[in-house]
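If you want the building blocks of each chain, they are given just below.
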Amino acid sequence: MYPLTGHPAVRSGGPWTVTPRDEPVSASAESGTPPAALPLAGLTVLEAGRRVQAPLAAHLLGLLGADVLRIEPPGGDPLRGMPPCCTDVSARWLALNRGKRALEIDIKSPAGQGELRELAAGASVFLHNWAPGKAERFGLDAERLASVNPGLVYAYTSGWADRPLPDAPMGTDFMVQARTGVGEAARPVDEPPAPSLMTLLDVLGGLLGAGAVLAGLLLRERAGRGVRVESSLLGAAELLTAPAVYRAAGGRAQRRPAGFRRPLPTADGWLAPSDTASRTAAAAFPSLRDLPTDQAVAALRARGLSATAVTTDLAALPADPRVGAALTRDTHGSLVVPSPWRFL
């Protein structure tokens, strides 16, 4: 955690900065909202995010009941048209922004900046992942928005946090992965250190951003004052690579040996043995590789070895009885993944 200069920060021991403001507030903008089934019901999140990190954080807050108002540039988010599309709306965009309200604002104009400040005055959370200095340049930084809403939780999900990194490239998922050794830490010894194309840090960064906002809301409730919270892709990378870094610092191998967690080929696909069964399964597999996947899995299980078929056709998942029953479709025809939480 990296405190802001000149501000007493609450040390959390995690990849966040949580900084309460000095001025107490009597009540939040949404105080008096009746309780509802979801924990964030009645709270408004104002989100001005791009790519994955901030939109995912706001999406998770929406699944927890918050009313999310998404700020997009004039003409709308360009990602709305990114293929594949469902009724002309990007399936990827829907996965991150389904259920949000959207409003187009030109934040580069004084009128647009004033409009956003007015919206922030009635919100509980303002969340963005703009490039460094952009919020200050537009008069939309934490101090300026605190002047219109002292109880605001101001959340910044950045790329490189506030570290002075020489010659740092743009803080995108791929570049932060490359700079911080994520590909090196995750690969077996006989594979190149390629950053994952699954945007690992964007996804983990979105989770950390949502967690930071929740911590900020809790601290505001307890301290009675606005809070500034920060998380970053760099913090996500450090959290992800910590075990490998600890191993290397202790003189141990940084990477898993070749063959660890490798799927095994079958006559019609692949299967994945469990960690404890991987070496034994690999040794036994030459006699089974000509079998169809389901028969090879059954044969391994008959020997007391745990294994499962590897799904390689993502389009087949909706028909898979193991997961298909949980998936629905929205009005665009796009698949909807259920909320990962239950509140009983």
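Refer to the preceding data block for the structure.
Note that the structure is predicted; figures quoted are calculated from it, not measured. Residue positions within a chain follow its written sequence, with the count starting from 1. Side-chain atom pairs in this predicted model are given and counted only at pLDDT of 80 or more, local residue features only at pLDDT of at least 70, and totals for whole chains, interfaces and linings cover all residues. Here the side-chain values reflect all heavy atoms present in the structure, with hydrogen atoms and water set aside.

1. So, helix H9 (residues 233-249)
Since the α-helix advances by 3.6 residues per turn, residues separated by three or four positions end up pointing in the same direction. Here is the rule: Think of it this way: any DSSP run of H or I at least four residues long counts as a helix, any run of E at least two long counts as a strand, and we number them from the N terminus. To estimate how far a helix should extend, the number of its residues minus one is multiplied by 1.5 Å. For every residue, the accessible area obtained with a 1.4 Å probe (protein chains only) is divided by the maximum for its type, and the residue is called buried under 20%, exposed over 50%, and partly exposed between those limits. Contact criterion: two residues are considered in contact whenever any of their non-hydrogen atoms come within 4.5 Å of each other.
Taking 1.5 Å per residue as the helical rise, H9 with its 17 residues ought to reach 24 Å, and the 22 Å between its terminal C-alpha atoms agrees with that figure. Turning to H9, its buried residues are Leu-233, Leu-234, Gly-235, Ala-236, Ala-237, Thr-241, Ala-242, Ala-244 and Arg-247. Summarising the contacts, the buried residues of H9 are in contact with helix H1 (53-63), strand E8 (153-158), helix H6 (173-180), helix H7 (182-186), helix H8 (200-223) and strand E9 (225-232). Among the residues trailing H9, Gly-251 stands out with phi positive, at a value near 80°.

2. Brief notes about unusual backbone geometry
Residue Pro-84 is reached from Pro-83 by a cis peptide bond, and omega for that bond is -5°. Locating Pro-84 in the fold gives a position in the loop between strand E3 (67-72) and strand E4 (85-86). Of note, the phi angle at Arg-51 is positive, near 60°, even though the residue is not glycine. Residue placement: Arg-51 occurs in the loop between strand E2 (44-48) and H1. Relative accessible area serves as the criterion here: at 40%, Arg-51 is assigned to the partly exposed category.

3. Section: the packing of aromatic side chains
Just so we agree on the cut-off: Any pair of Phe, Tyr and Trp rings, taking the six-membered ring for Trp, is counted once the centres come within 6.5 Å. Such a pair is stacked with planes under 30 degrees apart, edge-to-face with planes over 60 apart, and tilted for the rest. Distance and angle both matter: a charge sits over a ring if NZ of Lys or CZ of Arg is within 6 Å of the ring centre and within 35 degrees of the ring normal.
Scanning the entire structure with this criterion turns up 2 aromatic pairs. Ring geometry for Phe-126 against Tyr-154: centres 5.5 Å apart, planes inclined by 55°, an arrangement best described as tilted. With Phe-126 in strand E7 (residues 125-128) and Tyr-154 in strand E8, this residue pair connects regions lying 28 residues apart in the sequence. What makes Tyr-154 buried here is its relative accessible area of 4%. It is Arg-137 that lies over the ring of Phe-138; its NZ or CZ is 5.2 Å from the centre. If you follow Arg-179 out to its NZ or CZ, it ends over the ring of Trp-160, 5.9 Å from the centre.

4. With respect to the pattern of salt bridges
Side-chain pairs of opposite charge can arise where the charged atoms are in close proximity. Applied cut-off: The salt bridge definition used is simple: a Lys or Arg side-chain nitrogen within 4 Å of an Asp or Glu carboxyl oxygen.
For the coordinates displayed, the defined rule picks out 8 salt bridges. With its nearest N and O atoms 3.0 Å apart, the salt bridge here joins Glu-72 to Arg-80. Residue class for Arg-80 comes out partly exposed when judged on its relative accessible area of 28%. Connected through salt bridges with shared partners, the residues Glu-47, Arg-70, Glu-72, Asp-77, Arg-80 and Lys-100 form a single ionic network.

5. Examining the sheet that holds strand E11 (residues 270-273)
Spelled out, the test is: Strand pairing is defined by DSSP finding a minimum of two bridges between the two strands.
Strand order in this open sheet of 3 strands is E10-E11-E12, and the pairing throughout is antiparallel. Bordering the open sheet on either side are strand E10 (264-265) and strand E12 (307-309), each of which pairs with just one other strand. As judged from the 3 bridges shared by E11 and E12, these two strands associate in the antiparallel manner. Its bridge partner lying in E12, Leu-271 is registered against Ala-309.

6. Some details on the pairing of E11
Looking along a regular strand, one sees side chains alternate from face to face of the sheet. Across the two faces of E11 the burial differs, with Leu-271 and Pro-273 buried and Trp-270 and Ala-272 not buried at all. Here E10 runs beside E11; their pairing, made up of 2 bridges, is antiparallel. Across the sheet, residue Leu-264 finds its bridge partner in E11, namely Leu-271. Hairpin connection, E10 to E11: the antiparallel pair is bridged by 4 residues.

7. With respect to the packing of H8 against H9
Short version of the rule: Orientation is described by axes fitted as lines to C-alpha atoms, over the contacting stretch for helices, and by angles from 0 to 180 degrees between their N-to-C directions. Put simply, angles under 35 degrees are roughly parallel, angles over 145 are roughly antiparallel, angles from 65 to 115 are roughly perpendicular, and the rest are oblique. Residue polarity is assigned by list, with Asp, Glu, Lys and Arg as charged and Ala, Val, Leu, Ile, Met, Phe, Trp, Tyr, Cys and Pro as nonpolar; anything else, Gly included, falls into the polar class.
Where H8 contacts H9, the two axes come as close as 8 Å, and the packing angle between them is 105°. Relative to H9, the element H8 lies roughly perpendicular. Taken together, the residues of H9 that come into contact with H8 (itself represented by Leu-200, Leu-201, Asp-202, Leu-204, Gly-205 and Leu-208) are Leu-233, Gly-235, Ala-236, Ala-237, Leu-239 and Leu-240. Among the residues making up the contact of H8 with H9, the classes are represented as 9 nonpolar, 2 polar and 1 charged.

8. Observations regarding the packing of H1 against H8
Stated formally: Left-handed describes a crossing whose near helix is turned anticlockwise from the far helix through less than a right angle; right-handed describes the clockwise counterpart.
Running from N to C, H1 and H8 cross one another at 50°; their axes reach a closest spacing of 7 Å. When the axis of H1 is compared with that of H8, the two are oblique. For the pair H1 and H8, the crossing hand works out as right-handed. For the pair H1 and H8, contact is made by Gln-53, Leu-56, Ala-57, Leu-60 and Leu-61 and by Asp-202, Val-203, Gly-205, Gly-206, Leu-207, Gly-209, Ala-210, Val-213 and Leu-214, respectively. For the contact of H1 with H8, a count of residues per class yields 9 nonpolar, 4 polar and 1 charged.

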